[in-house]
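Close look at the chain arrangement
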Amino acid sequence: MTENNIKEIDESVQGTATMIEQNAGTRKLYLESYGCQMNFSDSEIVASILADEGYATTKDSEEADLILLNTCAIRDNAEQRIRNRLVHLKTVKEKSKKPVIGVLGCMAERLKKNLLEEEKLVDLVVGPDAYRSLPSLIEEVEGGQKAVNVLLSREETYADVSPVRLDKNGITAFISIMRGCDNMCSFCVVPFTRGRERSRDPKSIVKEAEELFQMGYREVTLLGQNVDSYRWNVNSKGEILDSNCETVNFAELLEKVALVNPDLRVRFSTSHPKDMTDDVLRMIAKYKNICDYIHLPVQSGSSEILKKMNRGYSREWYLDRIEAIKSIIPGCAISTDIITGFCGETDDQHNETVSLMEQVEFDFAYMFAYSERPKTLAERKYEDDVPEQLKKERLKEVIELQREHSLKSHQKFVGNTYEILIEGVSKKSKEQYFGRTSQNTVVVFDKENTKKGTYVKVKITDCTAATLFGKVVS
Ligand code: SAH
Ligand code: SF4
Ligand code: F3S
């Protein structure tokens, strides 16, 4: 992975794959991941399950015995890209020594057997909760059958599987703290592909963070579709399940992970505006190693559209959460997700998104044109009636505005000194390192006598809309 893990991965939600490699074992696994950080984290679970079966990962699809694509279904273009990739891999399969080809993840879950039957592109289809069955399914395929397991689970968290770290930088890692989503935002396919929300045992999360720290990692990102609804030993009505067992909410989990070591940075994604509490904000303010950065997807600035999206908050509520962040954690960076051209979105409603952006001035944003997804509430209830051209024009407008805001946000860093965790050598020059500020901004600077995996003070001297440039100060 390169300079900005998180940004790169989110770009891959739009379809860029990241290929991963790890050595050990005799049979060769080629594993490609698409989509969100959750999928990347799942690929590490898959690599671990298959390492126990003697599989080593390879970068070369042509030498693979097993090719797996961990897929995303969030927007139609993400799926199209994966389909093209599968068509290409089918030709590789016909030419070479016939590897087993499998589809994992959200597209596998969405299309189920259709991927085997209608399209005949693959041998194996496995949904996000069924990775433990991969070894037996692969055996079935080797016995000449096609295999599929897309059962969703209410319990599976893979808490006991120790992920094989595939990122290679050895400094930053993901930890899944929950799976699934119960929110049913009307545009979103995730509740259908990932099933019901469930939280992972906090002890196994803390243990994983401790092990990572001992291995030299210095940053963990806690992952969930809605981290603010993390809860252990409490049901959705707030009732305690086992009086002998500890109850833990997200703010408390953050504290537990922050206490692993003050030199371990803690990040998390994704927060949900309807659930983000002041307790969480106060916890971020209390611990220096919990990073001052919150990704808080707004989706739209119009309360009517938010209602149709079933997001559970209004424009005013969202702006109140922004105010809370700004007053409890001064200097905290805030990023967001925006969808343009949702069903029935008028010019005025779109302009409300623009005016919300102007009011908040996000440090960063991921922006998408609405893509209707089969089975979702929006598909069943509303017409996808904003013309594609108009969706794109609105998208272009918000992207351009965000570029101005990102540049403005970066300009505020110039002249000041920040603590940077060094993540690796810069892509552009071997003589330079890159790292990130607590606010998640990438900084590039001359190496001097510094070392990867340590914290250094860097004075910011210059910037673009994407990167800060600086100089190490002793
Ligand atoms: N759980 C996170 C979002 C996960 S999906 C949250 O609730 O914020 C990441 C982003 O993809 C979403 O925030 C949304 O902006 C975008 N997205 C999801 N479904 C989409 C669709 N059908 N069309 C366009 N963008 C979509
Ligand atoms: Fe999708 Fe909404 Fe769940 Fe996010 S919170 S994953 S947008 S349903
Ligand atoms: Fe895509 Fe599934 Fe993530 S649909 S964004 S890979 S949860």
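Just above, that's the structure.
Keep in mind that what you see is a predicted model, and the values were worked out from it rather than measured. (Residues numbered from 1 in each chain as written. Chains lettered and ligands numbered in written order. Predicted model: local features only at pLDDT ≥ 70, side-chain atom pairs only at ≥ 80, totals over all residues. Heavy atoms only, no water.)

Along the protein chain, the regular secondary structure elements total 15 helices and 22 strands. For 474 residues, the compact-globule formula gives about 23 Å, and the C-alpha radius of gyration of the protein chain, at 22 Å, lands near that figure. C-alpha atoms of the protein chain, sized along the principal axes, occupy 65 × 55 × 55 Å. Within the protein chain, the proportion of its 474 residues that are buried is 58%. Long-range pairs, those at least 24 residues apart, make up 71% of the contacts in the protein chain between residues at least 6 apart in sequence. Carbon and sulfur atoms make up 48% of the accessible area of the protein chain, which totals about 20000 Å². The average position of the 66 basic charges and that of the 76 acidic charges among the side chains of the protein chain differ by 2 Å. (Helix = DSSP H or I, 4+ residues; strand = E, 2+ residues; numbered from the N terminus. Rg over C-alpha atoms; globule rule 2.2 N^0.38 Å. Buried < 20%, exposed > 50% of the residue type's maximum accessible area, 1.4 Å probe, protein only. Contact = heavy atoms within 4.5 Å. Areas by Shrake-Rupley, 256 points an atom, 1.4 Å probe, with all protein chains shown as cover. Lys, Arg positive; Asp, Glu negative; His and termini not counted. Charge placed at Lys NZ, Arg CZ, Asp CG, Glu CD.)

Glancing now at the packing of aromatic side chains. Scanning the entire structure with this criterion turns up nine aromatic pairs. Here Phe187 and Phe342 contribute two aromatic rings whose centre-to-centre distance is 6.4 Å and whose plane-to-plane angle is 80°, an arrangement assigned as edge-to-face. One end of the pair, Phe187, is in the loop between strand 9 (178-179) and helix 7 (190-194); the other, Phe342, is in the loop between strand 16 (333-340) and helix 13 (347-360), and 155 residues separate them in sequence. Exposure remark for Phe187: the relative accessible area of 11% places this residue in the buried category. Classification of Phe342 by relative accessible area gives buried; the value is 0%. Considering the side-chain rings of Phe364 and Tyr366, the 4.9 Å spacing of their centres and the 70° angle between planes classify their relative orientation as edge-to-face. The buried category is assigned to Tyr366, whose relative accessible area is 7%. (Phe/Tyr/Trp six-rings, centres within 6.5 Å; stacked < 30°, edge-to-face > 60°.)

Moving on, we get to the sheet that holds strand 19 (residues 432-436). Taken in spatial order, the five strands close into a barrel running 18-19-20-22-21, and their pairing is mixed. Each strand axis lies, on average, 55° off the axis of its neighbour in the sheet, ignoring direction. Relative to strand 21 (residues 455-463), strand 18 (residues 417-425) runs antiparallel, the two being bridged by five bridges. Residue pairing in the sheet places Leu421 in a bridge with Tyr455 of strand 21. (Pairing = 2+ DSSP bridges. Axes fitted to C-alpha atoms, helices over the stretch in contact; angles between N-to-C directions.)

A few words now on the site of ligand 1. In the vicinity of ligand 1 there are 15 residues, among which Gln225, Pro297, Gln299, Asp337 and Ser371 approach most closely. One of the side-chain N or O atoms of Arg75 is found 3.2 Å from an oxygen atom in ligand 1. Here an oxygen atom of ligand 1 and a side-chain polar atom of Asp337 are 2.6 Å apart. Out of a free accessible area of 540 Å², ligand 1 has 92% covered by protein chains. When residues of the shell around ligand 1 are traced back to their parent elements, those giving at least two are strand 16 and strand 17 (364-369). (Near = heavy atom within 4 Å. Polar contact = N/O pair within 3.5 Å; in protein donor to acceptor, adjacent residues only side chain to side chain.)

On to the state of the cysteines, then. This model, assessed by the stated rule, comprises zero disulfides. The thiol of Cys343 is not disulfide-bonded; the next cysteine sulfur, from Cys185, is found 13 Å away. Looking at Cys343, the relative accessible area reads 0%, which means it is buried. (Disulfide = S-S within 2.5 Å.)

This paragraph deals with the nonpolar core. Ranked by size, the top nonpolar core spans 69 residues in total, and within it Leu222, Phe250, Leu254 and Ile294 carry the most contacts. Among the elements that line this core, the one with the most residues is helix 9 (residues 250-258), at six residues. Beyond its immediate sequence surroundings of up to four residues, Ile294 is in contact with Phe268, Ser271, Met276, Leu281, Ile284, Ile325, Ile329, Cys332, Ala333, Ile334 and Ser335. (Core = buried A, V, L, I, M, F, W, Y, C linked by side-chain atoms within 4.5 Å.)

What follows deals with the site of ligand 3. Surveying the vicinity of ligand 3 reveals the residues Cys36, Asn39, Thr71, Cys72, Ala73, Ile74, Cys106, Val190, Arg194 and Gln225. Grouping the amino acids of the shell around ligand 3 by side-chain chemistry returns six nonpolar, three polar and one charged. Each of domain 1 (3-149) and domain 2 (172-411) gives at least three residues to the shell around ligand 3. (Nonpolar A, V, L, I, M, F, W, Y, C, P; charged D, E, K, R; others polar. Domains from an automatic or database assignment.)

Before going further, it helps to spend a moment on the sheet that holds strand 16. Pairing in this open sheet of three strands is parallel, and the strands run 15-16-17 from one edge to the other. Edge strands, defined here as strands with exactly one partner in the open sheet, are strand 15 (293-295) and strand 17. Adjacent strand axes in the sheet meet at a mean angle of 10° when their direction is disregarded. Bridge count for strand 16 against strand 17 is six bridges, and the pairing is parallel. Along strand 17, the bridge assignment pairs Asp337 with Tyr366.

With that out of the way, let us pick up the environment of Glu345. Along the polypeptide, Glu345 turns up in the loop between strand 16 and helix 13. Separated by 41 residues in the primary sequence, Glu345 and Glu304 place their C-alpha atoms 9.1 Å from one another. Within polar-contact distance, the side chain of Glu345 engages the backbone nitrogen of Gly341 at 2.9 Å. There is a polar contact of 2.9 Å between the side chain of Glu345 and the side chain of Arg394.

Here helix 13 contains 14 residues, and its C-alpha end-to-end distance of 20 Å stays within 8% of the 20 Å for a straight helix at 1.5 Å per residue. Those residues of helix 13 that sit buried are Gln349, His350, Thr353, Val354, Leu356, Met357 and Val360. Seen along its axis, helix 13 keeps its buried residues to an arc of 155°; they face one direction. Those residues of helix 13 that are exposed and angled more than 90 degrees off the buried face are Asp348 and Gln359. Next to the buried residues of helix 13 lie helix 11 (303-308), helix 12 (315-328), strand 16 and helix 15 (388-411). Positive phi shows up at Glu361, right after helix 13, with a value of about 55°. (Expected span 1.5 Å × (residues − 1). Arc of directions from axis to C-beta.)

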